[in-house]
Amino acid sequence: QVQLVESGGGLVQAGGSLRLSCAVSGGVFSISVMGWYRQAPGKQRELVATITGGGSTNYADSVKGRFTITRDNAKNTLYLQMNSLKPEDTAVYYCNANARPTGWTLRTDYWGQGTQVTVSS
């Protein structure tokens, strides 16, 4: 069974940095697009950044120039380097992977359990 496990969240002061990781495990044949999403209290989940298997990236306007998404295809691991953090970045951050499990013919979206990022002013 495919699982996504995030790590690296925490409490940081405004202007600080954090690095999130997301490890994909459980018999994955291939992974196409991976991404980070976030959900703040009382708000809908929103896209933060995505990255294709070839390394093409896409960012929300609110994080451009501050966040960097990368992936290690050999390790099936996704990263999000977050710099110059702002209080408005406070949210639960979720990892997403569009993956094809071993023995399957179709791809499915998988989600991690989320990791809390809190930025104090």
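In the block above lies the structure referred to throughout.
Residues numbered from 1 in each chain as written. Predicted model: local features only at pLDDT ≥ 70, side-chain atom pairs only at ≥ 80, totals over all residues. Heavy atoms only, no water.

**Student:** Residue-level account of the pattern of salt bridges, with values.
**Tutor:** All told, the structure shown has four salt bridges when counted by the stated rule. The closest approach of N and O atoms between Arg66 and Asp89, which form a salt bridge, is 2.7 Å. One end of the pair, Arg66, is in the loop between β6 (57–59) and β7 (67–72); the other, Asp89, is in the loop between β8 (77–82) and β9 (91–101), and 23 residues separate them in sequence. Both residues of the pair, Arg66 and Asp89, count as buried. Each of Arg38, Glu46, Arg66 and Asp89 takes part in a single network of salt bridges with overlapping partners. (Salt bridge = Lys/Arg side-chain N within 4 Å of Asp/Glu carboxyl O. Helix = DSSP H or I, 4+ residues; strand = E, 2+ residues; numbered from the N terminus. Buried < 20%, exposed > 50% of the residue type's maximum accessible area, 1.4 Å probe, protein only.)

**Student:** Outline the packing of aromatic side chains, supporting the account with residue identities and numerical values.
**Tutor:** Following the criterion strictly, the structure yields one aromatic pair and no others. Ring geometry for Tyr37 against Trp111: centres 5.1 Å apart, planes inclined by 65°, an arrangement best described as edge-to-face. On the criterion of sequence distance, the pair formed by Tyr37 in strand β4 (residues 28–39) and Trp111 in strand β10 (residues 108–111) is long-range, its members being 74 residues apart. Tyr37 sits in the partly exposed class, given a relative accessible area of 21%. If you follow Arg19 out to its NZ or CZ, it ends over the ring of Tyr79, 4.1 Å from the centre. If you follow Arg45 out to its NZ or CZ, it ends over the ring of Trp111, 4.7 Å from the centre. (Phe/Tyr/Trp six-rings, centres within 6.5 Å; stacked < 30°, edge-to-face > 60°. Lys NZ or Arg CZ within 6 Å of the ring centre and 35° of its normal.)

**Student:** Describe the nonpolar core, and please don't skip the residues or the numbers.
**Tutor:** Trp36, Leu80, Met82 and Tyr93 are the most contacted members of the largest nonpolar core, which totals 32 residues. Every element with two or more residues in this core is listed here: β3 (18–25), β4, β5 (46–51), β7, β8, β9 and β11 (115–120). Looking at this core element by element, the count peaks at five residues for β9. Residues contacting Met82, with those up to four places away along its chain left out, are Gly16, Ser17, Leu18, Leu20, Arg66, Phe67, Tyr93 and Val117. (Core = buried A, V, L, I, M, F, W, Y, C linked by side-chain atoms within 4.5 Å. Contact = heavy atoms within 4.5 Å.)

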